[in-house]
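# Summary of the model geometry
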Amino acid sequence: QVQVVESGGDLVQAGGSLRLPCTTSGPTFGIYAMGWYRQGPGKERELVAETRNDDTTTYADSVKGRFTIFRGNTRNTVFLQMNSLKVEDTAVYYCNVRGYDVRRDNYWGQGTHVTVSS
C-alpha cells in the first residue's frame, strides 16, 4: 500500500519560516505530480503548491513569492519551504501524490499542523 508521510509542522511566529518534507513509499507507481494542500479553521481544503514531472509548478496566489515547492534528490520526496509566514497560513498541511491516472493513483498524507502566531 502506498504511504504518504509528511512532517515539519510547528508553532512559529509571524515572519518566520518552516520547511515541510513529504515522502511516499510502498508499491512503485509512476508519480506525475506532488503537491501540498492546506485546510485552515473553518475553511475548505485548498491547493498551496504543486510540482509536476515536466518541472512546471503551480502556486496559490496567496503564497507566491513566499513559498517554494521542490523535489528532493530522491524523486519520491517533496518539500515545501515556507518563508515570511502569516497568521492566515495557519492550517493543517496535506501532502498529495498522484500518478498519471488520478483515478487509480491519488494518495494523501495524514496532515501536519502549522500554527502561525502574531
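Please refer to the structure placed before this passage.
Since the model is a prediction, treat every value here as computed from it, not as a measurement.

## Observations regarding the overall build of the protein
The number of helices and strands found in the protein is zero helices and eleven strands. When its helices and strands are written in sequence order, the protein yields β-β-β-β-β-β-β-β-β-β-β. Relative to the 2.2 N^0.38 estimate, which gives 13 Å for 118 residues, the radius of gyration of the protein is 14 Å and therefore close to what a compact globule would have. C-alpha extents for the protein along the principal axes are approximately 40 × 25 × 25 Å. By residue count, 42% of the 118 residues in the protein fall in the buried class. Long-range pairs, those at least 24 residues apart, make up 54% of the contacts in the protein with a sequence separation of at least 6. A total accessible area of about 6400 Å² is found for the protein, and carbon and sulfur atoms account for 46% of it.

## Remarks on the state of the cysteines
Counting across every chain of the model gives one disulfide. Disulfide pairing places Cys-22 opposite Cys-95 at an S-S distance of 2.0 Å. Judged by the torsion about the S-S bond (-85°), the Cys-22/Cys-95 disulfide is left-handed. Of this pair, Cys-22 sits in strand 3 (residues 18–25) while Cys-95 is found in strand 9 (residues 91–99), placing the two residues 73 residues apart along the sequence.

## A look at the pattern of salt bridges
Evaluation of the coordinates by the stated rule reveals eight salt bridges. Here Arg-98 makes a salt bridge to Glu-50, at a shortest N to O gap of 2.9 Å. Residue Arg-98 is located in strand 9, and its partner Glu-50 is located in strand 5 (residues 46–52); the two are separated by 48 residues in the primary sequence. Glu-50 sits in the buried class, given a relative accessible area of 5%. The salt bridge partner of Lys-64 is Asp-61, with a shortest N-O separation of 3.0 Å.

## A word on the pairing of strand 9
Among the nine residues that make up strand 9, eight are buried, leaving the element largely enclosed by the rest of the structure. In this sheet, strand 11 (residues 112–117) lies alongside strand 9 in antiparallel orientation, the contact comprising three bridges. Pairing of Val-92 across the sheet is with His-113, part of strand 11. Relative to strand 10 (residues 106–108), strand 9 runs antiparallel, the two being bridged by three bridges. The residue of strand 10 that forms the bridge with Arg-98 is Asn-106. Connecting the antiparallel pair strand 9 and strand 10 is a turn made up of six residues.

Reading the values: the criteria
- Residues numbered from 1 in each chain as written.
- Predicted model: local features only at pLDDT ≥ 70, side-chain atom pairs only at ≥ 80, totals over all residues.
- Heavy atoms only, no water.
- Helix = DSSP H or I, 4+ residues; strand = E, 2+ residues; numbered from the N terminus.
- Rg over C-alpha atoms; globule rule 2.2 N^0.38 Å.
- Buried < 20%, exposed > 50% of the residue type's maximum accessible area, 1.4 Å probe, protein only.
- Contact = heavy atoms within 4.5 Å.
- Areas by Shrake-Rupley, 256 points an atom, 1.4 Å probe, with all protein chains shown as cover.
- Disulfide = S-S within 2.5 Å.
- Salt bridge = Lys/Arg side-chain N within 4 Å of Asp/Glu carboxyl O.
- Pairing = 2+ DSSP bridges.

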